[in-house]
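Summary of structural features
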Amino acid sequence: MLAAYAVHVEQSRGRRFPEAQHPYRNDFQRDRDRVVHARAFRRLEAKTQVFTPRFSDHFRNRLTHTIEVAQISRTIAAQLGLNVDLTEALALVHDIGHPPFGHAGEKALDAAMRRHGFSFDHNLHALRIVEDFELRYAAFRGLNLTFEVREGIVKHSRDYSADEHPELAEYLLNQRPPLEAQLIDFTDEIAYNAADLDDGYEARLLNLAEIREAIPAFDRHYRDVEWEWPDAAEKLLFNESLKRILDDFVGGIIRNTAAGIQKAGIASLDDVRTHPLRLVGFNQEVAALRQQIKGFLRSHLYLSEALDPEKEKAEQVIRELFEFWMAKPEQLPGSYREKSSEEPLPRVICDYLAGMTDNYISQQYDFYCGGMRAST
Ligand code: MG
């Protein structure tokens, strides 16, 4: 049952290029499937989330992270009476604009662009992918997604001003996005907080005593599960505790958002859009838990020396390849050479690099910059 404040597919603002209805699937289901069939989506498999395969083949990559976000999002959306199809499409597309080498790669690409007076933004890059780069359909470039999915991409975890981004004016920048889109910012965080604790523990970069000390709710859950299963292995007790943390997040967001909707008297999608604040959120207790986990992961995992080699490699590979093609644009593939007659060269190189997987960019680096390094 869809709530009155959910996005109803029959009221979608539609696609850029009108298309006939599909006999079995509604427009948001089709958008979800278009994302799944996109090349950029498949490439997420070979893009780093936090850990490269140097650590283990078991850890999350961008694709499995994305699937976890979709799964958590569906649960919450259904409980809140939101449009599950739209939510799923938004979750599956939310990281499609991420460059190789995780956060370090994103930082390095942005720095390379800034040296030439531009910048890199993964939301805007995702929009370019679905609007322009994906070539699958005879009638149009891109995936021709509905307005609501494109709007969700633009409004993922930030607000753009119409002054700074006149090209985004059609996306109702002075309005809040629908709850389906607001939800993804939170489920993204829920998924990576839980996953990074899990992978960090498995990689032995985080230890149980430190986790229990830094995150009191985790410690409480751990004591409960230890009492329930006194003979279980530590790893299993860890898993049981982490599952309960995940439930704390999910339950917290469902209850707090439902209460906020009721308190604000939200009765329609227009009410959601014109409400002064985003309505999806954690209550105080879960917000505090989130802060504890984020702070802990930052100091003990994201900034740990164990991950330095990956960060250095990302920085070096992206910086050197970027400058190589700036100096020798004739070495770019034909389609990118053509694009550079219409767009600034740094943007064309950035688009090319951002689309690469970790493997492919490493091969390109060895091919174009390996010789250069050996000769200096
Ligand atoms: Mg994400």
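Residue numbers restart at each chain and count upward from 1, following the sequence in its written direction. Since the coordinates come from a predicted model, pLDDT governs what is reported: local features require at least 70, and pairs of side-chain atoms require 80 or more to be given and counted, while whole-chain, interface and lining totals use all residues. Derived side-chain values reflect all non-hydrogen atoms in the structure, with water molecules and hydrogen atoms excluded from consideration.

1. Some remarks on the domain arrangement of the chain
Along its sequence, the chain is carved into domain 1 (9–203 + 246–303) and domain 2 (309–375). The straight-line distance from the C-alpha centre of domain 1 to that of domain 2 is 27 Å. By definition, the buried area sums, over both parts, the 1.4 Å-probe accessible area that each loses when the two are put together. Taking both partners together, domain 1 and domain 2 bury about 2,400 Å²; carbon and sulfur atoms supply 63% of that area. The salt bridge criterion pairs a side-chain nitrogen of Lys or Arg with a carboxyl oxygen of Asp or Glu, the two atoms within 4 Å. Counting the contacts that link domain 1 with domain 2 gives 2 salt bridges. Taking the shortest distance from any N to any O, the salt bridge between R128 and D351 comes out at 2.5 Å. Of all elements in the fold, only α5 (102–114) and α6 (122–133) reach the threshold of two or more residues within the side of domain 1 that touches domain 2. Per the convention used, a helix needs a DSSP run of H or I reaching at least four residues, while a strand needs a run of E reaching at least two, with both numbered from the N terminus. In terms of residue count, α5 provides more of the side of domain 1 that touches domain 2 than any other element does, 6 residues in total. Gly is put with the polar residues, along with every residue not named as nonpolar or charged; the nonpolar set is Ala, Val, Leu, Ile, Met, Phe, Trp, Tyr, Cys and Pro, and the charged set is Asp, Glu, Lys and Arg. Residues of the side of domain 1 that touches domain 2, tallied by class, amount to 15 nonpolar, 7 polar and 5 charged. The source of the domain bounds is an automatic or database domain assignment.

2. Looking at the packing of aromatic side chains
Only rings of Phe, Tyr and Trp enter the pairing, Trp through its six-membered ring, and a pair is recorded when the two centres are within 6.5 Å. The plane angle decides the type: under 30 degrees is stacked, over 60 is edge-to-face, the rest tilted. Inspection of every chain in the model, using the stated rule, returns 16 aromatic pairs. When the ring of F51 is compared with that of F55, the centres are 5.1 Å apart and the planes differ by 75 degrees; the resulting orientation is edge-to-face. Relative to Y222, the ring of F218 has its centre 6.5 Å away and its plane inclined at 20 degrees; by these criteria the two rings are stacked. Residue F218 and its partner Y222 are located together in helix α10 (residues 216–228), separated by 4 residues, close to a single helical turn. Note on accessibility: F218 and Y222 belong to one class, buried. One aromatic cluster is present, formed by F324, W325, Y336, Y352, F367 and Y368 through successive ring pairs. Categorising residues by exposure relies on relative accessible area from a 1.4 Å probe, with only protein chains included: less than 20% of the type maximum marks a residue as buried, more than 50% marks it as exposed, and the intermediate range marks it as partly exposed.

3. Points about empty space enclosed by the protein
Here a cavity means grid points, on a 1 Å grid over the protein atoms only, where a 1.4 Å probe fits yet cannot get out; a pocket means an open set of points with protein on both sides within 12 Å along at least five of seven lines; lining residues are those with an atom within 4 Å of a point. Grid points are joined across faces, edges and corners, and a volume is the space filled by probe spheres set on the points. According to the stated counting rule, one finds 2 cavities of 30 Å³ or more in the structure shown. Its boundaries defined by the atoms lining it, the largest cavity holds a volume of some 50 Å³. L90, V93, H94, G152, I153, H156, A181 and I184 are the residues that line the largest cavity. For the lining of the largest cavity, the secondary structure elements donating two or more residues are α4 (84–93), α7 (147–154) and α8 (179–202). A per-class count over the lining of the largest cavity returns 5 nonpolar, 3 polar and no charged. Approximately 40 Å³ is the volume attributed to the second largest cavity. In terms of lining, the second largest cavity is formed by V93, H94, G97, H122, N123, A126, I153 and H156.

4. Focus: the state of the cysteines
Only a pair of cysteine sulfur atoms within 2.5 Å counts as a disulfide in this structure description. Overall, the coordinates contain 0 disulfides when judged by the stated rule. Unpaired in terms of disulfides, C350 finds its nearest cysteine sulfur in C369, a separation of 16 Å. Among the residues examined, C369 registers a relative accessible area of 0% and is labelled buried.

5. Side note on the coordination of the magnesium ion
Within the first shell, the magnesium ion binds the protein through H65 (NE2), H94 (NE2), D95 (OD) and D188 (OD), at distances of 2.2 to 2.5 Å. Counted as donors are N, O and S atoms no farther than 2.8 Å from the metal, or 3.2 Å for Na, K and Ca; water is not among the atoms, and sites may therefore look incomplete. Going along the chain, you hit the donors of the magnesium ion in the pattern H-x28-H-D-x92-D. Highlighted residues: H65 in helix α3 (residues 62–79) and D188 in helix α8, separated in sequence by 123 residues. Note on accessibility: H65 and D188 belong to one class, buried.

6. Re the side chain of S241
By the secondary structure assignment, S241 is in helix α11 (residues 234–263). According to the relative accessible area criterion, S241 is buried, its value standing at 0%. Other than its neighbours up to four places away in sequence, S241 contacts F218, H221, Y222 and V225. Two residues qualify as a contact provided that any one of their heavy atoms is within 4.5 Å of a heavy atom in the partner residue.

7. Section: the pattern of salt bridges
Taken as a whole and assessed by the stated rule, the structure comprises 36 salt bridges. Between R223 and D219 there is a salt bridge whose closest N-O contact spans 2.9 Å. Here R223 pairs with D219, and both are found in helix α10, just 4 residues apart, close to one helical turn. On the basis of relative accessibility, which here comes to 17%, the residue D219 falls in the buried class.

8. Things to note about the packing of helix α1 (residues 27–36) against α4
Structural elements are reduced to axes, namely lines fitted to C-alpha atoms, with helices fitted over the stretch in contact, and the angle between N-to-C directions of any two is expressed from 0 to 180 degrees. Where α1 meets α4, the closest approach of the two axes is 8 Å, and the angle between their N-to-C directions is 20 degrees. In terms of axis orientation, α1 runs roughly parallel to α4. For the pair α1 and α4, the sense of crossing is left-handed. Residues F28, Q29, D31, R32, V35 and V36 of α1 lie in contact with α4, whose contacting residues are D85, L86, E88, A89, L92 and V93. When the residues that make up the contact of α1 with α4 are grouped by side-chain class, the tally is 7 nonpolar, 1 polar and 4 charged. Roughly parallel means an angle under 35 degrees; roughly antiparallel, over 145; roughly perpendicular, 65 to 115; everything else is oblique. Each crossing gets its handedness from the near helix: less than a right angle anticlockwise from the far helix is left-handed, clockwise is right-handed.

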